[in-house]
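# Architecture and fold: a report
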Amino acid sequence: HDCIKNWDGSSKRMETQAILDMCISCPYIRNFVAHWIISDDDSSMRAVLCHVRLFLYSGKKDPKDKGLIPSHIIEPEFKADPSHRNKVVAKHFFKLKKLSMTKSRMTGDIAKRLKRSWGYMLKQNRGGTIEEFVDAAKGVLNHTFDDHRFCKIGVKRSKPQRKG
């Protein structure tokens, strides 16, 4: 959108600038530090919300570096928005649906079920190890077709699956 009230740049940059201002000013104004930020995979935000990187020998700033957090402010850790993670994976299920029948048998219903199963798997495996996550992720496809050998909890379908 065009925010003429108090911003001259793009709306994408406005969000990044607002979070940068918050990270820099909050230790002084509100007495807290933003240790972590939950966001999507916005690489421009991640690039800006880090310390300025200097060349080791010259002490000059790398011209490619976009970091704007002063060195006395803690760099925030980025945590993933689970809804965004689910959307990122699910879009590939729906891309398969658009392919011809000779290349993919994906239907809209199956893509929706895979998306839902992936979302449940993400929610149930937030605190585990990477190995547990990988094992759970392998079970999503099986779970969608009523094979619950890889599920943490035996899940039973409320409606029988259609044959054929």
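To keep things clear, this report deals only with the structure shown in the data block. (Residues numbered from 1 in each chain as written. Predicted model: local features only at pLDDT ≥ 70, side-chain atom pairs only at ≥ 80, totals over all residues. Heavy atoms only, no water.)

## Quick notes on the environment of Ser25
In this fold, Ser25 is placed in helix H1 (residues 11-29). Ser25 sits 48 residues away from Ile73 along the chain, and the two C-alpha atoms are 9.5 Å apart. (Helix = DSSP H or I, 4+ residues; strand = E, 2+ residues; numbered from the N terminus.)

## What about the packing of aromatic side chains?
Applying the stated criterion across every chain yields a total of one aromatic pair. Taking 6.3 Å as the distance between ring centres and 85° as the angle between the ring planes, the aromatic pair formed by Trp118 and Phe133 counts as edge-to-face. Taken together, the residues span a long stretch of sequence, with Trp118 in helix H4 (residues 108-124) and Phe133 in helix H5 (residues 130-144) at a distance of 15 residues. The buried category is assigned to Trp118, whose relative accessible area is 14%. Look at Phe133 and you get partly exposed, because its relative accessible area is 24%. For the cation-ring pair, Arg113 lies above Phe145, with the distance from its terminal atom to the ring centre recorded as 5.9 Å. (Phe/Tyr/Trp six-rings, centres within 6.5 Å; stacked < 30°, edge-to-face > 60°. Buried < 20%, exposed > 50% of the residue type's maximum accessible area, 1.4 Å probe, protein only. Lys NZ or Arg CZ within 6 Å of the ring centre and 35° of its normal.)

## Structural notes on the pattern of salt bridges
Following the criterion strictly, the structure yields one salt bridge and no others. Between Asp147 and Arg149 there is a salt bridge whose closest N-O contact spans 2.5 Å. (Salt bridge = Lys/Arg side-chain N within 4 Å of Asp/Glu carboxyl O.)

## Thoughts on the packing of helix H3 (residues 82-98) against H4
Relative to each other, H3 and H4 sit at 155°, their axes nearing to 9 Å. Taken together, the axes of H3 and H4 lie roughly antiparallel to each other. The chirality of how H3 crosses H4 is right-handed. Between H3, through Pro82, Arg85, Asn86, Val89, Ala90, Phe93, Phe94 and Lys97, and H4, the contact on the second element is made entirely by Gly108, Ala111, Lys112, Leu114, Lys115, Trp118, Gly119 and Leu122. For the contact of H3 with H4, a count of residues per class yields nine nonpolar, three polar and four charged. (Axes fitted to C-alpha atoms, helices over the stretch in contact; angles between N-to-C directions. Parallel < 35°, antiparallel > 145°, perpendicular 65-115°, else oblique. Left-handed = near helix turned anticlockwise from the far one by under 90°. Contact = heavy atoms within 4.5 Å. Nonpolar A, V, L, I, M, F, W, Y, C, P; charged D, E, K, R; others polar.)

## Concerning a positive patch on the surface
Positive charge collects at one region of the surface, where Lys91, Lys95, Lys97, Lys98 and Lys112 lie side by side. A per-element tally of the positive patch places H3 first, with four residues. Its place among the elements puts Lys112 in helix H4. (Patch = residues over 30% accessible without salt bridge, like charges linked within 9 Å, V, L, I, M, F, W, Y side chains within 5 Å. Areas by Shrake-Rupley, 256 points an atom, 1.4 Å probe, with all protein chains shown as cover. Lys, Arg positive; Asp, Glu negative; His and termini not counted. Charge placed at Lys NZ, Arg CZ, Asp CG, Glu CD.)

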